[in-house]
Amino acid sequence: MAEDRRFPVLVGRQRQTELLTAALVQAEDGASGSTVLLRGDAGVGKSTLIAWVERMARERGFTVLRAVGAEAETDLAFGALHQAFWSPLQRSGTLSAHQREALESAFGVRSGTPSGFAVGAAALALLEEAVRTAPVLLLLDDLHWIDSSSGTVFAFLHRRCAELPVAIVGATRPDGAAAQIWSAEAVDVPALPPADAALLLGTRYPELAPPARERVLAEAAGNPLALVELPRQLAAAQQRGAAPLPERLPLGRKLERMFAERLGTVTPEVGRLLLLGALATGPDSGSAEWLRALADGNAREILARIEEEGLARLDPAGHLVFRHPLVRTAVVSAASDTARREAHRALSDTLAPEDPRRLVHEAAAALLPDEDLAHRLQEAGRDLAGRGGEAEGELLLERAAALSPSGCDRVRRLTWAAVMAARGGQLRHTVALVEELRSGTVPQDIDPLFSYAVVYADQSHHVDFESSAALLPAALDTLTAPGADTFGGLVEQVYFKLLLAATYTDDPWAWRALERHRENVSEVGRLCLRAWTDPGPDAAAALLATAEGLTGEQEAGAAWLLLWTSAALDWPDGDLWQRFTGLHGYATQGSVAKARAHQDYLLGHWDRAAVCLREAEIADELGYHTNALMFRQYHAHFLAGRGDEAALREVERTIRPIATRARMRYVLDRLTHLRGLAALAHRRYEEAYGHFSELTPPGRLSGGRPWHHTLVLDLVTAAVHTGRHEEARAHLAAGAAARSAEISGHHAFLCAAATALAADDDEADAAYEAAYAVPGAEQWVFDLARLRLAHGAWLRRRHRPGAREALRAAHHAFRRLRATPWAAQCEEELRAAGDSVAPPQTGPAAAASELTGQELRIARLAATGLTNKEIGRQLQLSPRTVGAHLYKIFPKLGITTRAALAHALDGI
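Quick caveat, the model's predicted, so the values are computed rather than measured.

### Some remarks on the overall build of the chain
Then, in step 1: What the chain contains, in helices and strands, is 47 helices and 7 strands.
Then, in step 2: At a minimum sequence separation of 6, the contacts of the chain that also span at least 24 residues come to 68%.
Then, in step 3: When the accessible surface of the chain is summed, it comes to about 38400 Å², and 52% of that surface belongs to carbon and sulfur atoms.

In structure tokens:
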């Protein structure tokens, strides 16, 4: 169904809105009347549909009569009928005296006891009078609470309005008694499926942090009211991800009222058993036998009452299953603090001492400081973190801190919690904890851990590396002193953070500290340092051997180092990132996503370029702003490869100021490189040579940094095209002296390709064949296409055979990568070779071929006048992402404004 922008978007209710619209159209055409009875659980969105159809009807010129049932008025005879028909009764000019008397008596404005038939006939007469001027919509919300007298009249009208232009729309719960007398087939309004629930939540709360979003989606289980209400009960910091979520989400007044009618009537025994079932976890919890053991002797009767109330039931396997996840939440919310603590205490007594669930229940039952319990929580939290559960471990450490009798122990545990929160995806909470800890005194014995937490917050959240060089060398000195507390392997993590700072900023103090502590870290740590300083021959082979020799536990601790080493070497072989997909929280997953983004660029998976932007948004939402910057830099690689200089400038405007302030030479160098690559695409070779020479002067590989080795093909290409053959040969000689080709497969191919481009005519054929023969050459799709373009052009100018084949292969690859300027170079060479290249497409067909499917969808929506925010709601994208797509769409369509979109898309 096409969207009508005058009305609110109803997520996932296409069938219901189609039926409601059909009922209005049928009445509007005057053919006949119809009835739609909406049926669904509380909070599922029936009233929203009622409001939607009311607005639509008023826009269409309907007369709308409305009644809403109320629980407190179920005994008020004709109360709902009064709501709907009092106004038309006052306006009526044709109603007979007998009919008016019947209605006024029913409404209590005159004495008398009218018959139900007389009242129904009078109401029907009012409808017949009303439809003479306009079709009528009769809305009956909450039919299950409408008084029986009114319900009988409404059922009478439903049966007698078939020949009138009247649409009746009612809404009731599945067990609503008043609806049972209706002959209309009910239209079920179910819970929203996961995708629609996520869309609704994202539309209403676009800034909700991922952890909060996932929690709300899980607990709401598709109930629209819960999706709207649950986030409102969270503090602003919890919504942003800056503070941990509570153990249970508060329901809020609307949801509490939704369940109060049933929970308020249960007996204490039923309430206690429901609470135990709601708080229990594990596959063995909630079974009938388990519940009977906890009940006070009359478990069978209590379970029967629970099922009668409709709050929960025993499934075929004999386990207590709540009717809806919100019932579980409501049961817990309705209980007093004392009742919850007693329930947790009872549950802990049912579990074995070694069962981790027992500890959680003990902690929830505790009221006073308890060092023994705090210590056990701390150990359990650190154990969880060691196995990848940093977010869960952080919650246990914070609880341990709250139960700590000693202030120093509290600070120690909060410091651990800050570290775990950062690694588990709650970086904003880490920032808040660090600020809280800074306001007090930090015990000297945890200085290294506190320094690590401070640096983590600065590096990842503030995009600031000053504290790294100031704090981490001293922390390493302390951690590696004889007999020092290593905080469970903190040396390696501190070393990685210092290596990250040195890589980004090229700070000499950081590099010196890393060299000083080289022997204090594992082989993985030493290999990572080598990869980023002086990779040397066989670095990729060493990485592969090291990774394969790690145990699962070692691999989890070394994930960041392995991924960062892989990034230094342009080494995608073996899909190293896939080994860590299930490990740890966002900190590791963010590193995995960066590794994958770099792989996608290297291996020609350029259709995934937009993933970088989405990952950047996720990182920003979670507060990992350095990650967001890096994802945008990775996206810039795709833009530069495609020669999209306008979009590349836009990315630069976003990230260059931040990188400049943070003195991130690594990022600034990469941006300079990408400017040169984009210039190559447009054959501005002199400009490109200037950019590349700024980074690596010809004939010199400064500093041994790995990305300087990968510049060889770009610099040699620019040098050859500007007549600087001596400089090209000098740079190749420098690479050979440094054994660049032995670093990794990608380095080997780049060196071979650059050698071919710079070769003399009598050596060129052999050099090109040698480049093609490099093992794995075919996986470097973009670089291989550039080699084929150069080879084809060389062959054509010398009238050698094979030129067309090389150029066609390059052209096909560039077209697939959507590297349009490079494809245009191929086309010119092919035409010069006499190849019948298809003429460039023009008009709508050309536009359709240039736009991706997502871009075409966005363009069509923008052409209808929708804003970026409205488009984002429909496609589940952020307004920024929509804007980024439009920025690329306009030049592809040859337009500069949104107003020109409709004309540009005409015929597509």
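Here the narrative resumes.
### Overview of the packing of helix H33 (residues 665–681) against helix H42 (residues 820–832)
Then, in step 1: It is at 8 Å that the axes of H33 and H42 come closest, and there the two elements cross at 30°. Considered as vectors, H33 and H42 are oriented roughly parallel to each other. Where H33 approaches H42, its residues Leu677, Leu680 and Ala681 are matched on the opposing element by Pro821, Trp822 and Gln825.
Then, in step 2: The residue makeup of the contact of H33 with H42, split by class, is 5 nonpolar, 1 polar and no charged.

### Concerning the pairing of strand E4 (residues 166–172)
Then, in step 1: Within E4, 7 of the 7 residues are buried, leaving the element largely enclosed by the surrounding structure.
Then, in step 2: Burial of the side chains of E4 extends over both faces: Val166, Ile168, Gly170 and Thr172 are buried on one face and Ala167, Val169 and Ala171 on the other.
Then, in step 3: Here strand E1 (residues 34–39) pairs with E4 via 6 bridges, running parallel. Looking at E4, one finds that Leu38 is bridged to Ala171.
Then, in step 4: Relative to E4, strand E3 (residues 136–141) runs parallel, the two sharing 5 bridges. By the bridge assignment for E4, Leu140 is matched with Gly170.
Then, in step 5: Following the chain from E3 across helix H6 (residues 148–160) to the adjacent parallel E4, one finds a crossover that is right-handed.

### Regarding the pattern of salt bridges
Then, in step 1: The tally for this structure, following the rule as stated, stands at 38 salt bridges.
Then, in step 2: Arg60 serves as the salt-bridge partner of Glu28, at 2.8 Å between the closest nitrogen and oxygen. Here Glu28, found in helix H1 (residues 14–28), pairs with Arg60, found in the loop between helix H2 (46–59) and strand E2 (63–68); they are 32 residues apart in sequence, far enough to count as distant.
Then, in step 3: Among the residues examined, Glu28 registers a relative accessible area of 34% and is labelled partly exposed.
Then, in step 4: Residue class for Arg60 comes out partly exposed when judged on its relative accessible area of 33%.
Then, in step 5: Of the charged contacts, one joins Arg724 and Glu686 as a salt bridge, the two residues approaching to 2.7 Å between their closest N and O atoms. Of this pair, Arg724 sits in the loop between helix H36 (712–721) and helix H37 (725–737) while Glu686 sits in helix H34 (residues 685–695), and the two are 38 residues apart along the sequence.
Then, in step 6: For Glu686, a relative accessible area of 48% translates into the label partly exposed.

### Describing the sheet that holds strand E5 (residues 186–188)
Then, in step 1: Taking strand neighbours across the sheet as the criterion, the 5 strands line up as E2-E3-E4-E1-E5 in an open arrangement whose pairing is parallel. Each having just a single partner strand, E2 and E5 make up the two edges of the open sheet. Within the sheet, the average angular offset between the axes of one strand and its neighbour, ignoring direction, is 20°.
Then, in step 2: Strands in contact with H2 are E1, E2, E3 and E4; relative to E3, the strand with the most contacts, it is inclined by about 165°.
Then, in step 3: The strands touched by helix H3 (residues 79–91) are E2 and E3; relative to E2, the strand with the most contacts, the crossing angle is about 155°.

### Quick word on the side chain of Asp783
Then, in step 1: Positionally, Asp783 belongs in helix H40 (residues 781–797).
Then, in step 2: What Asp783 contacts, discounting residues up to four positions off in sequence, is Leu713, His746, Phe749 and Leu750.

### What to know about helix H19 (residues 390–402)
Then, in step 1: Look at H19: 18 Å from first C-alpha to last across 13 residues, which is about the 18 Å you get at 1.5 Å a residue.
Then, in step 2: Considered for burial, the residues of H19 that qualify are Glu390, Gly393, Glu394, Leu396, Leu397, Ala400 and Ala401. Viewed end-on, H19 has its buried residues packed into an arc of 165°, placing them on one side of the element.

### Quick look at the environment of Glu214
Then, in step 1: Assignment of secondary structure puts Glu214 in helix H8 (residues 210–220).
Then, in step 2: The class for Glu214 is exposed, based on a relative accessible area of 57%.
Then, in step 3: Sequence spacing of Glu214 and Ala198 is 16 residues, and the spatial spacing of their C-alpha atoms is 8.8 Å.

### Some remarks on the environment of Ser111
Then, in step 1: Within the element layout of this structure, Ser111 appears in the loop between helix H4 (97–106) and helix H5 (116–130).
Then, in step 2: Considering only alpha carbons, one finds Ser111 and Glu101, 10 residues apart in sequence, at a separation of 9.2 Å.

### A closer look at the packing of aromatic side chains
Then, in step 1: Tallied over the full model, the rule gives 17 aromatic pairs.
Then, in step 2: Between Trp532 and Tyr666, the ring centres sit 5.8 Å apart and the planes meet at 75°, which makes this aromatic pair edge-to-face. With Trp532 in helix H26 (residues 523–533) and Tyr666 in helix H33, this residue pair connects regions lying 134 residues apart in the sequence.
Then, in step 3: Just above the ring of Tyr456 sits the side chain of Lys497; from NZ or CZ to the centre is 3.7 Å.
Then, in step 4: Directly above the aromatic system of Tyr689 lies the positively charged group of Arg724, at a separation of 4.1 Å from the ring centroid.

### Let's talk about unusual backbone geometry
Then, in step 1: Unlike most non-glycine residues, Asp506 shows phi in positive territory, near 60°.
Then, in step 2: Turning to its location among the elements, Asp506 is positioned in the loop between helix H24 (490–505) and helix H25 (508–516).
Then, in step 3: Looking at Asp506, the relative accessible area reads 22%, which means it is partly exposed.
Then, in step 4: The residue Arg663 is not glycine, and still its phi comes out positive at about 55°.
Then, in step 5: Looking at the element boundaries, Arg663 is found in the loop between helix H32 (645–661) and H33.
Then, in step 6: Relative accessible area serves as the criterion here: at 55%, Arg663 is assigned to the exposed category.

### Digging into the nonpolar core
Then, in step 1: Trp532, Met664, Val667, Val716, Leu787 and Phe814 are the most contacted members of the largest nonpolar core, which totals 160 residues.
Then, in step 2: Excluding its chain neighbours within four sequence positions, the residues that come into contact with Phe814 are Phe782, Ala785, Arg786, Leu789, Ala819, Trp822, Ala823 and Cys826.
Then, in step 3: Counting residues in each nonpolar core, the second largest holds 35 residues, with Leu37, Val153, Leu164 and Val166 among its members.

### Description of helix H39 (residues 761–772)
Then, in step 1: The first and last C-alpha atoms of H39 sit 17 Å apart over 12 residues, in line with the 16 Å expected at 1.5 Å per residue.
Then, in step 2: Buried within H39 we find Ala764, Ala767, Tyr768 and Ala771. Along the axis of H39, the buried residues cluster in a sector spanning 100°; they form a single face. Residues of H39 that are exposed and point over 90 degrees away from its buried face: Asp762 and Ala766.

### Remarks on the confidence of the model for the chain
Then, in step 1: Averaged over all residues, the pLDDT of the chain equals 83, while 85% of them reach at least 70.
Then, in step 2: Confidence, read as mean pLDDT per element, is least for helix H43 (residues 843–850) in the chain (53) and greatest for H33 (96).
Then, in step 3: Counting contacts from residues 1–8, a segment whose pLDDT is below 50, to residues more than four positions away or on other chains yields 17 contacts.

### Brief notes about the packing of H24 against H25
Axis angle and axis distance: for two packed helices, these are the angle between their axes and the distance between the axes, and together they describe the pair.
Then, in step 1: At their nearest, the axes of H24 and H25 sit 8 Å apart, and the two run at 145° to each other. By crossing handedness, the relation of H24 to H25 is classed as left-handed. Where H24 approaches H25, its residues Tyr495, Leu498, Leu499, Ala502 and Thr503 are matched on the opposing element by Ala510, Trp511, Ala513 and Leu514.
Then, in step 2: Among the residues making up the contact of H24 with H25, the classes are represented as 8 nonpolar, 1 polar and no charged.

### Observations regarding the side chain of Gln459
Then, in step 1: Checked against the element boundaries, Gln459 lands in helix H22 (residues 447–462).
Then, in step 2: Polar side-chain contacts of Gln459 include one of 2.9 Å to the side chain of Ser468.

Definitions and limits used
- Residues numbered from 1 in each chain as written.
- Predicted model: local features only at pLDDT ≥ 70, side-chain atom pairs only at ≥ 80, totals over all residues.
- Heavy atoms only, no water.
- Helix = DSSP H or I, 4+ residues; strand = E, 2+ residues; numbered from the N terminus.
- Contact = heavy atoms within 4.5 Å.
- Areas by Shrake-Rupley, 256 points an atom, 1.4 Å probe, with all protein chains shown as cover.
- Axes fitted to C-alpha atoms, helices over the stretch in contact; angles between N-to-C directions.
- Parallel < 35°, antiparallel > 145°, perpendicular 65-115°, else oblique.
- Nonpolar A, V, L, I, M, F, W, Y, C, P; charged D, E, K, R; others polar.
- Buried < 20%, exposed > 50% of the residue type's maximum accessible area, 1.4 Å probe, protein only.
- Pairing = 2+ DSSP bridges.
- Right-handed = clockwise from strand over helix to strand, strands pointing away.
- Salt bridge = Lys/Arg side-chain N within 4 Å of Asp/Glu carboxyl O.
- Expected span 1.5 Å × (residues − 1).
- Arc of directions from axis to C-beta.
- Phe/Tyr/Trp six-rings, centres within 6.5 Å; stacked < 30°, edge-to-face > 60°.
- Lys NZ or Arg CZ within 6 Å of the ring centre and 35° of its normal.
- Core = buried A, V, L, I, M, F, W, Y, C linked by side-chain atoms within 4.5 Å.
- pLDDT = per-residue confidence, 0-100.
- Left-handed = near helix turned anticlockwise from the far one by under 90°.
- Polar contact = N/O pair within 3.5 Å; in protein donor to acceptor, adjacent residues only side chain to side chain.

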